[in-house]
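The primary structure of each chain is shown beneath.
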Amino acid sequence: MSNELYDIPTQARLCYEKNKGLILPDKVPYIGMGSSYFAAVTLRYLGVKIFPEMAGEYYHYIRNIKQFDNAVLISQSGRTTDVLKCAPCFKEYTAIVNEPDSPLANQPNAKSKVMLCAGNELMSSTKTFINTLVALYLGHGFDVKAIIDLIEERFVDFELTGSTIGSALYKSIKKQKARCIILGSGPNVGVASHAALMLSETVRYPFVGMSLSQFEHGFKEAAEDTVVLVINPAKGVMHERTNKLMNLLRHVNAHVYEINDREIDEIYSPFTAVIPFYFMADYLSSKLHITDPFQLGNKITERPDEMIDL
């Protein structure tokens, strides 16, 4: 996994250079599964007028309600079954993919395709998630050059943060005693959910991601002895509320770890907040001797036998 992680700065810059000037539509569904969907959620909580939808639920429950002629379909492999099923639901769509020759990029009604330029990715979504953010931010008028520069400059710091927290978690996870929750607010709600998915499939141990406000509405009652990883940008709208919650959790013996970059505006914090989770996963999978990913049915985006069923 570490080999792919060290490619993040280079591939993010490549995606930026290839997609400068990109304009993506608003007021349409942005449809994906897993990390592709969570990237769209990040943009929604920046105030961008898009409608993130989970492809599986959209196809089975909403497709017959003809609300939109156009959409943006996101599949990092371009082969995600549920996303491909949604393609015929629209007169035309924009495909955001990492593979130019993939089925999603080459359906008859694919109006255009946006390339993520993340290179090969055999493990969980890391490079492709960040590059999806690059494309979405660019496509909606956010200049991400400065944050990409910062990722390059401080990549070692992010690695150290992730490895340090991973080391602290290792004993509890090894003993199967930890209940692990990841919390974020605003644009980092998507990051929290993506990080939980990535850690769960990489470490083979359950992590749950949710918004901090949702956690406060009941879930906090089960927080005793829980591991809680909190994304808390120092310049964030909910910074003070997050601090109060962390103090409350510590009083009930929750094990609280904070991802807090004091130099980053909340708008761009998803780019830097997510990287420590990647190195946390890399550290834990190494310590737990997990070398073969996707044991239960392989990576779902690479199953050509179930690729499309229209």
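Residues numbered from 1 in each chain as written. Predicted model: local features only at pLDDT ≥ 70, side-chain atom pairs only at ≥ 80, totals over all residues. Heavy atoms only, no water.

### Structural notes on the sheet that holds strand E4 (residues 92–97)
Read across the sheet, 5 strands follow the order E2-E1-E3-E4-E5 without closing on themselves; strand pairing throughout is parallel. Of all strands in the sheet, those with a lone pairing partner are strand E2 (51–54) and strand E5 (110–115), marking the two edges. The average undirected angle you get between the axes of adjacent strands in this sheet is 25 degrees. With 2 bridges connecting them, strand E1 (residues 29–32) and strand E3 (residues 70–75) associate as parallel partners. The residue of E3 that forms the bridge with Tyr30 is Val72. (Pairing = 2+ DSSP bridges. Helix = DSSP H or I, 4+ residues; strand = E, 2+ residues; numbered from the N terminus. Axes fitted to C-alpha atoms, helices over the stretch in contact; angles between N-to-C directions.)

### What about the sheet that holds strand E6 (residues 180–184)?
With parallel pairing, 4 strands are arranged side by side in an open sheet as E7-E6-E8-E9. The open sheet has two edge strands, strand E7 (207–211) and strand E9 (255–259), and neither has a second partner. Across the sheet, the mean angle separating the axes of adjacent strands is 20 degrees when strand polarity is ignored. Bridge count between strand E8 (residues 227–231) and E9: 5 bridges; the pairing is parallel. Within E9, the residue paired with Val230 across the bridge is Glu258. Along the sheet face, helix H10 (residues 239–251) touches E6, E8 and E9 and points at about 155 degrees away from the line of E9. (Contact = heavy atoms within 4.5 Å.)

### What about the pattern of salt bridges?
Taken as a whole and judged by the stated rule, the model has 11 salt bridges. Among the salt bridges present, the one from Glu263 reaches Arg154, with a minimum N-O distance of 3.8 Å. Separated by 109 residues along the polypeptide, Glu263 in the loop between E9 and helix H11 (269–287) and Arg154 in helix H7 (residues 145–174) bring together distant segments of the chain. For Glu263, a relative accessible area of 54% translates into the label exposed. (Salt bridge = Lys/Arg side-chain N within 4 Å of Asp/Glu carboxyl O. Buried < 20%, exposed > 50% of the residue type's maximum accessible area, 1.4 Å probe, protein only.)

### Comments concerning the layout of surface pockets
Of the voids in this model, the second largest pocket is the one considered here, and its volume is about 250 Å³. Those elements giving two or more residues to the lining of the second largest pocket turn out to be H7, E9 and H11. Here the lining of the second largest pocket gets 6 residues from one element, more than from any other, and that element is H7. Across the lining of the second largest pocket, the residue classes tally to 8 nonpolar, 5 polar and 4 charged. (1 Å grid on protein atoms, 1.4 Å probe; cavity = no way out; pocket = protein on both sides within 12 Å on 5 of 7 lines; lining within 4 Å. Points joined across faces, edges and corners; volume = space filled by probe spheres on them. Nonpolar A, V, L, I, M, F, W, Y, C, P; charged D, E, K, R; others polar.)

### A look at the packing of aromatic side chains
Inspection of the entire model under this criterion finds 10 aromatic pairs. Note on Tyr6 and Phe155: the rings are 6.5 Å apart at their centroids and 65 degrees apart in plane angle, and the pair reads as edge-to-face. You can see Tyr6 sitting in the loop between helix H1 (2–5) and helix H2 (8–19) and its partner Phe155 sitting in helix H7, a full 149 residues away along the chain. With 5.5 Å between their ring centres and 75 degrees between their planes, Phe155 and Phe279 make a pair best called edge-to-face. Residue Phe155 is found in helix H7, and its partner Phe279 is found in helix H11; the two are separated by 124 residues along the sequence. (Phe/Tyr/Trp six-rings, centres within 6.5 Å; stacked < 30°, edge-to-face > 60°.)

### Considerations on the pairing of E1
Judged by which residues are buried, E1 turns out to be covered on both faces: Pro29 and Ile31 on one side and Tyr30 and Gly32 on the other are all buried. Summarising the sheet, E1 and E2 pair through 4 bridges and their orientation is parallel. Note on E2: the bridge partner recorded for Gly32 is Met54. In this fold, E1 hands off to helix H3 (residues 35–44), which returns the chain to E2; that crossover is right-handed. (Right-handed = clockwise from strand over helix to strand, strands pointing away.)

### Focus: the packing of H7 against H11
Contact pair H7 / H11: the axes reach a minimum separation of 6 Å and the direction vectors enclose 40 degrees. As the angle between them shows, H7 and H11 are arranged oblique. Relative to H11, the crossing made by H7 is right-handed. Taken together, the residues of the contact of H7 with H11 break down into 16 nonpolar, 6 polar and 2 charged. (Parallel < 35°, antiparallel > 145°, perpendicular 65-115°, else oblique. Left-handed = near helix turned anticlockwise from the far one by under 90°.)

### Description of empty space enclosed by the protein
One water molecule sets the probe size; rolling that probe over the atoms shows where empty space is left. Counted under the stated rule, the structure contains 1 cavity of 30 Å³ or more. A volume near 50 Å³ is recorded for the largest cavity. Taken together, Gly184, Ser185, Asn188, Ile231, Asn232, Pro233, Gly236, Met238, His239, Thr242 and Glu266 make up the lining of the largest cavity. Residues of the lining of the largest cavity, tallied by class, amount to 3 nonpolar, 7 polar and 1 charged.

### Notes on the nonpolar core
Ranked by internal contacts, the top residues of the largest apolar core, which has 72 residues, are Leu199, Phe207 and Phe277. Apart from residues lying up to four places away in sequence, Phe277 is in contact with Ile182, Ala195, Met198, Leu199, Leu229, Ile231 and Ile259. The next biggest cluster of nonpolar side chains, apart from the first, holds 20 residues, and it includes Ala71, Phe90, Leu104 and Ala110. (Core = buried A, V, L, I, M, F, W, Y, C linked by side-chain atoms within 4.5 Å.)

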